Amino acid sequence: MTLIVSLAIGVLFAAGSYLLLQHDFIKVVGGTILIAHSVNLFIMVSGLSRGTEPIYPLGDGARVSDPLVQAMVLTAIVISFGVTALLISLIYRVYVSHRSVDIEHLSDFEERLVQLEEQQVPPEPGIGVLEDREVDEDDESDQPDRDGIQRDERATE
Amino acid sequence: MLIVLGLGILWFSGVCAAILDGRRRWVGFASVAAILAAIAALVALGMNVRDEGPQTMTAGGWPSGVGIGLTADMLGVTFALLSLGVLLAALTFEVFNGVRSQSFPALVLLLGAGLTGVFLTADAFNFYVFFEIAMISSYILTGYGDEGRQLRSATIFVIVNLLGSAFFLMGIAALYHQTGRLDMAGIAARVALLNPTSVILSAVLIFTAFGIKLGIFPFHFWLPAVYTGTRPAVAAILSGAVANIGTYGLLRWGGGMLPDELHTAAPMFFALGVISILYGSLQALSRRSVAEVVAYSSIGQVGFILVALAIGGPAGFAAAVLFAIVNAVNKTLLFLSENLRGWLTGFAFAVGAFSVAGVPPAGGFLGKAGLFQVAAQDDNWIVIALVVVGSVLSFIYMFQIYQRRFWTPEVAESANAVASPVSVRAVVVVLAIITLLIGFWPEPVLWVSEQAGQSFATTRP
């Protein structure tokens, strides 16, 4: 049993790390989810024992299974769920303000922003990435984006 | 009871502030008052710890060993007070400056609750839970600002720290498997009986997690982008309060629970510390904007903490605590004053800059002197040389940005165009005075760090 679970943990963690190294933020989120699950399994296996259910009153000398790991795993699942939700909302905000979730696009955009700043030109929001596609929509899409960000902030509360 | 009081105030007021609109001034001032109340409770707790030794409390009236415990010793109380002080300064600054998001005060309060919990808990898994409460607040705070510019770095910050949390959780689970305990004292007692090689992997996982929090050399890549992209108050919170988790974690877990493993890892910590100092300083030298220089200098300053940890022993730990205190004050002062304009802000920034450089009247001198003293006692010439080189480099880059900011005519002219509000400048000036005070009257800080360094001297072989 331990071997099977260990293999599962290994496969999950490996797949998670592979996804974590991708360019696309959505894939990266998938990676963090897989890694979180491998950690949850790891916690389970750290207290894997055979026995009766640990409900009081216990029989004399009865072997009970470890209840603590389940409590820990439940907490860990809740936390990883919450953080994943937060991460996805953050990525949505990135998408709203940059129109891309590809990390290469985003770095290009920021480099251009830095260059603009060095030339003492005040940067305009969303000038970099949109240049390749729809420059016309730049000004129109600006205002709804701000609203989107604020709505999002309220949601994360 | 006092242990829960500070934590409870922050938690309760954080929840209350979350349903209110934080952009209103009175909500902001109420949050400041809540942090002040929590600081008062922690000071009272610290007095008790000083007079009667470490205080413990078990939640729910369970027998100790069954219930989840809270323990306050000098180390924990020091770090809790330090972090809350930074939060207080940053929140007051932002309230005077005008809060831009309705969740900001609530997030700062909840971050304070998480940090206080981390520093006062006696349970390994509860440490993780509080750690996540603090981190989640800081994830959202990182995205606080007007421009979309910091969002990419905020996302990277979250992803990197998620990986760190996963490592940390695995380390806890592995330690639980090996020791069968979750209370820190129990883990420490049983780890001492185990073969050190069997614990080394858990130790590596835990140390890596705290290294990511600190932003030391191989885990630093998110740091400059985040610190330069966010608003000054958030950068001050991240570098002054959240980074304390890393220092405290390495001290508590390394010094208190895994002393043999910390000893084994000392050469690696030393090497990483040296690389961080040199890398941070050289990068800071080559940068032009103030925010970037300060951000890279924090990588370098954290390197000094690692070097102090690698020296180890009560003296080394005391030097690490001392450096952490001074560094938190410096960074808060620098980040808050970097964009201010008007009378006396130049003074405040100069105090911060010279403090980082370690020029005597400012508090930063003390941290470097502490490290210097420890190294001189050991005849450790490499550390002495390193402290000198690091200080010289930090003096150069700090003087460079000071020169660029205040001595360049056109910058100075545009700087005088819009003066910042007096109240905002007052916060920064008070911080600068505190920094000077630490330098002129160092006894309290020295005493506190010495006591904190001895918190677990008994558990060391």
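All of these numbers come straight from a predicted model, not from anything done at the bench.

Conventions and cut-offs
Residues numbered from 1 in each chain as written. Chains lettered and ligands numbered in written order. Predicted model: local features only at pLDDT ≥ 70, side-chain atom pairs only at ≥ 80, totals over all residues. Helix = DSSP H or I, 4+ residues; strand = E, 2+ residues; numbered from the N terminus. Rg over C-alpha atoms; globule rule 2.2 N^0.38 Å. Buried ≥ 20, exposed ≤ 12 C-beta atoms within 10 Å, placed from the backbone. Contact = placed C-beta atoms within 7 Å. Nonpolar A, V, L, I, M, F, W, Y, C, P; charged D, E, K, R; others polar. Axes fitted to C-alpha atoms, helices over the stretch in contact; angles between N-to-C directions. Parallel < 35°, antiparallel > 145°, perpendicular 65-115°, else oblique. Left-handed = near helix turned anticlockwise from the far one by under 90°. pLDDT = per-residue confidence, 0-100. Expected span 1.5 Å × (residues − 1).

Observations concerning the overall build of chain B
Link 1 in the chain: A tally of regular secondary structure across chain B gives 20 helices and two strands.
Link 2 in the chain: Relative to the compact-globule value of 23 Å for 461 residues, chain B shows a C-alpha radius of gyration of 21 Å, a close match.
Link 3 in the chain: When its C-alpha atoms are laid out on the principal axes, chain B stretches across 65 × 55 × 45 Å.
Link 4 in the chain: Burial analysis of chain B (461 residues in total) assigns 64% to the buried set.
Link 5 in the chain: In chain B, the share of contacts with a sequence separation of at least 24, taken over all contacts with a separation of at least 6, comes to 78%.

Observations concerning the overall build of chain A
Link 1 in the chain: Helix and strand content of chain A: five helices and zero strands.
Link 2 in the chain: Along chain A, helices (α) and strands (β) appear in the sequence α-α-α-α-α when read from the amino end.
Link 3 in the chain: In chain A, which comprises 157 residues, the share counted as buried stands at 24%.
Link 4 in the chain: At a minimum sequence separation of 6, the contacts of chain A that also span at least 24 residues come to 53%.

Regarding the interface of chain A and chain B
Link 1 in the chain: With 31 residues of chain A in contact, the opposing surface of chain B contributes 28 residues.
Link 2 in the chain: Elements supplying a minimum of two residues to the side of chain A that touches chain B: α2 (25-46), α3 (68-98), α4 (103-118) and α5 (137-156) of chain A.
Link 3 in the chain: A per-element tally of the side of chain A that touches chain B places α3 of chain A first, with 14 residues.
Link 4 in the chain: Of the residues that constitute the side of chain A that touches chain B, the class distribution is 19 nonpolar, eight polar and four charged.

With respect to the environment of Gly31 of chain A
Residue and element names in this part refer to chain A.
Link 1 in the chain: Considering the arrangement of structural elements, one finds Gly31 in helix α2.
Link 2 in the chain: Residues Gly31 and Leu20, eleven residues apart in the sequence, show an inter-C-alpha distance of 4.9 Å.
Link 3 in the chain: When sequence neighbours within four positions are dropped, the list of residues in contact with Gly31 reads Gly16, Ser17, Leu19 and Leu20.

Details of the environment of Phe270 of chain B
All names here are of chain B.
Link 1 in the chain: Tracing the backbone shows Phe270 in helix α12 (residues 259-286).
Link 2 in the chain: Overall, Phe270 belongs to the buried group, with 20 C-beta atoms counted inside 10 Å.
Link 3 in the chain: Linking Phe270 and Leu169, residues 101 residues apart in sequence, is a C-alpha distance of 25 Å.
Link 4 in the chain: Those residues in contact with Phe270 that lie beyond four places of it in its chain are Val307 and Ala310.

Quick notes on the packing of helix α13 (residues 290-311) of chain B against helix α14 (residues 313-337) of chain B
For any two helices packed against each other, one specifies the inter-axial angle together with the distance between the axes.
Residues and elements named next belong to chain B.
Link 1 in the chain: The N-to-C vectors of α13 and α14 enclose an angle of 170°; their axes lie 7 Å apart at closest approach. Relative to α14, the element α13 lies roughly antiparallel. The interaxial crossing formed by α13 with α14 has left-handed handedness. In this structure, α13 contributes Val294, Ser298, Gln301, Phe304, Ile305, Ala308, Leu309 and Ile311 to the contact, and α14 contributes Gly313, Gly316, Ala319, Ala320, Phe323, Ala324, Asn327, Lys331, Leu334 and Phe335.
Link 2 in the chain: Each residue belonging to the contact of α13 with α14 can be placed in one class, and the counts come to twelve nonpolar, five polar and one charged.

As for the confidence of the model for chain B
Residue and element names in this part refer to chain B.
Link 1 in the chain: Predicted confidence across chain B gives a mean pLDDT of 84, with 94% of residues reaching 70 or more.
Link 2 in the chain: Here helix α18 (residues 409-415) is the element of chain B with the lowest mean pLDDT, 54, and helix α4 (residues 104-120) is the one with the highest, 92.
Link 3 in the chain: Two numbers describe this predicted complex: its pTM, 0.85, and its ipTM, 0.83.

Some words on helix α6 (residues 151-179) of chain B
All names here are of chain B.
Link 1 in the chain: Here α6 is 29 residues long and its end C-alpha atoms lie 41 Å apart, about the 42 Å a rise of 1.5 Å per residue gives.
Link 2 in the chain: Within α6, 25 of the 29 residues are buried, which leaves the element mostly enclosed by the surrounding structure.
Link 3 in the chain: Of the residues flanking the end of α6, it is Gly180, one or two places downstream, whose phi is positive at about 70°.

Considerations on the packing of helix α8 (residues 196-214) of chain B against α12 of chain B
All names here are of chain B.
Link 1 in the chain: The contact between α8 and α12 brings their axes to 9 Å, and the two run at 75°. The pairing of α8 with α12 is recorded here as roughly perpendicular in orientation. Here Pro196, Val199, Ile200, Ala203 and Phe207 of α8 come into contact with α12, specifically with Asp260, Glu261, Thr264 and Ala265.
Link 2 in the chain: Across the contact of α8 with α12, the residue classes tally to six nonpolar, one polar and two charged.

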